[in-house]
Amino acid sequence: MPSPEELRDYHAAEAARHLNAISPGRYPLELFRALKRHVTQGTVELVCLRGPEDEVEGLMTQRSPDDPDWPDMWHVPGSVIDPDDDVKDVDDYHEAFERVL
């Protein structure tokens, strides 16, 4: 019987083989959810603040009750940098900013 490390290596190799067969672009939601458990992705967060320095308030929005990952949770509005976003360099997140706005 294979060890846990051998199984992990086998499954990782199989996952890599399958991922390499997928064209770049926006991932199907099921794949995105599976990958987000393992991969840190770039995000754009929009933090709106107001008030005097000693009582600053920040804008947050509440996710819907039927959100599949974080139902009813409060968060700062943001977006993941998608694989098919036209990012020319590290300072070019125009498409992600547009989604947030």
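Along each chain, residue indices are assigned from 1 in the same order as the chain's sequence is written. pLDDT decides what is reported in this predicted model: residues at 70 or higher carry local features, side-chain atom pairs at 80 or more are listed and counted, and totals for whole chains, interfaces and linings draw on all residues regardless. Based on all heavy atoms of the structure, the side-chain values leave hydrogens and waters out of the count.

Student: Go over the overall build of the protein with me, naming the residues and quoting the values.
Tutor: Of regular secondary structure, the protein possesses three helices and six strands. Across the 101 residues of the protein, 14% fall into the buried class. For the protein, contacts bridging at least 24 residues in sequence account for 41% of all contacts bridging at least 6. Only the protein chains shown count as cover for residues, and the accessible areas themselves come from Shrake-Rupley with a 1.4 Å probe. Within the structure as shown, the protein displays about 8,400 Å² of accessible surface, and the carbon and sulfur contribution to it stands at 55%. Secondary structure is summarised from DSSP: a helix means a run of H or I of at least four residues, a strand means a run of E of at least two, and numbering begins at the N terminus for each. Only protein chains enter the accessibility calculation, which uses a 1.4 Å probe. A residue is then buried if its area is under 20% of the maximum for its type, exposed if over 50%, and partly exposed in between. Contacts are assigned to residue pairs that have any heavy atoms within 4.5 Å of one another.

Student: Tell me what's going on with the pattern of salt bridges, and back it up with residues and numbers.
Tutor: By definition here, a salt bridge exists when the distance from a side-chain nitrogen of Lys or Arg to a carboxyl oxygen of Asp or Glu is within 4 Å. The final tally for this structure, using the stated rule, is three salt bridges. With a closest N to O distance of 2.8 Å, arginine 17 and glutamate 14 form a salt bridge. Residue arginine 17 and its partner glutamate 14 are located together in helix H1 (residues 4-20), separated by three residues, close to a single helical turn. Taking the relative accessible area as the measure of exposure, glutamate 14 reaches 25% and is therefore partly exposed. A salt bridge links arginine 63 to aspartate 67, with the shortest nitrogen-to-oxygen separation between them at 3.7 Å. On the accessibility criterion, arginine 63 (26% relative accessible area) is partly exposed.

Student: Before we move on, could you go through the confidence of the model for the protein and cite the residues and values that matter?
Tutor: Scored from 0 to 100, pLDDT reflects the predictor's confidence in each residue. Here the protein shows a mean pLDDT of 82. Residues at 70 or above account for 88%. Highest mean pLDDT in the protein belongs to H1 (93); lowest belongs to helix H3 (residues 94-100) (76).

Student: Explain a nonpolar patch on the surface to me, and be specific about the residues and the numbers.
Tutor: Like charges within 9 Å and nonpolar side chains (Val, Leu, Ile, Met, Phe, Trp, Tyr) within 5 Å are joined into patches, using only residues over 30% in relative accessible area that form no salt bridge. Judged by side-chain polarity, Val47, Leu49 and Val56 come together as a nonpolar surface patch covering roughly 280 Å² of accessible area. Relative to the elements of secondary structure, valine 56 occurs in the loop between strand E2 (49-50) and strand E3 (57-58).

Student: Could you give an account of the side chain of aspartate 67, naming the residues involved and the relevant values?
Tutor: Residue placement: aspartate 67 occurs in the loop between strand E4 (61-62) and strand E5 (74-75). Separated by 2.8 Å, the side chain of aspartate 67 and the backbone nitrogen of tryptophan 70 make a polar contact. Here a polar contact is taken to be a pair of N or O atoms separated by no more than 3.5 Å, where protein atoms must pair a possible hydrogen donor with a possible acceptor and residues adjacent in sequence count only if both atoms sit in side chains.

Student: Run through unusual backbone geometry, naming residues and quoting values.
Tutor: The backbone phi angle of aspartate 72 is positive, close to 65°, even though this residue is not glycine. With respect to the helices and strands, aspartate 72 occurs in the loop between E4 and E5. Classification of aspartate 72 by relative accessible area gives partly exposed; the value is 40%.

Student: Which residues make up the environment of arginine 33, and what values go with them?
Tutor: On the secondary structure map, arginine 33 appears in helix H2 (residues 29-36). In the structure, arginine 33 is positioned 36 residues away from aspartate 69 in sequence and 8.6 Å away in space, judged by C-alpha atoms.

Student: Summarise the side chain of histidine 75; cite the residues concerned and give the values.
Tutor: Relative to the helices and strands, histidine 75 is located in strand E5. By relative accessible area, histidine 75 is classed as buried at 19%. The residues touching histidine 75, leaving out its near neighbours within four places in the chain, are Met60, Thr61 and Arg63.

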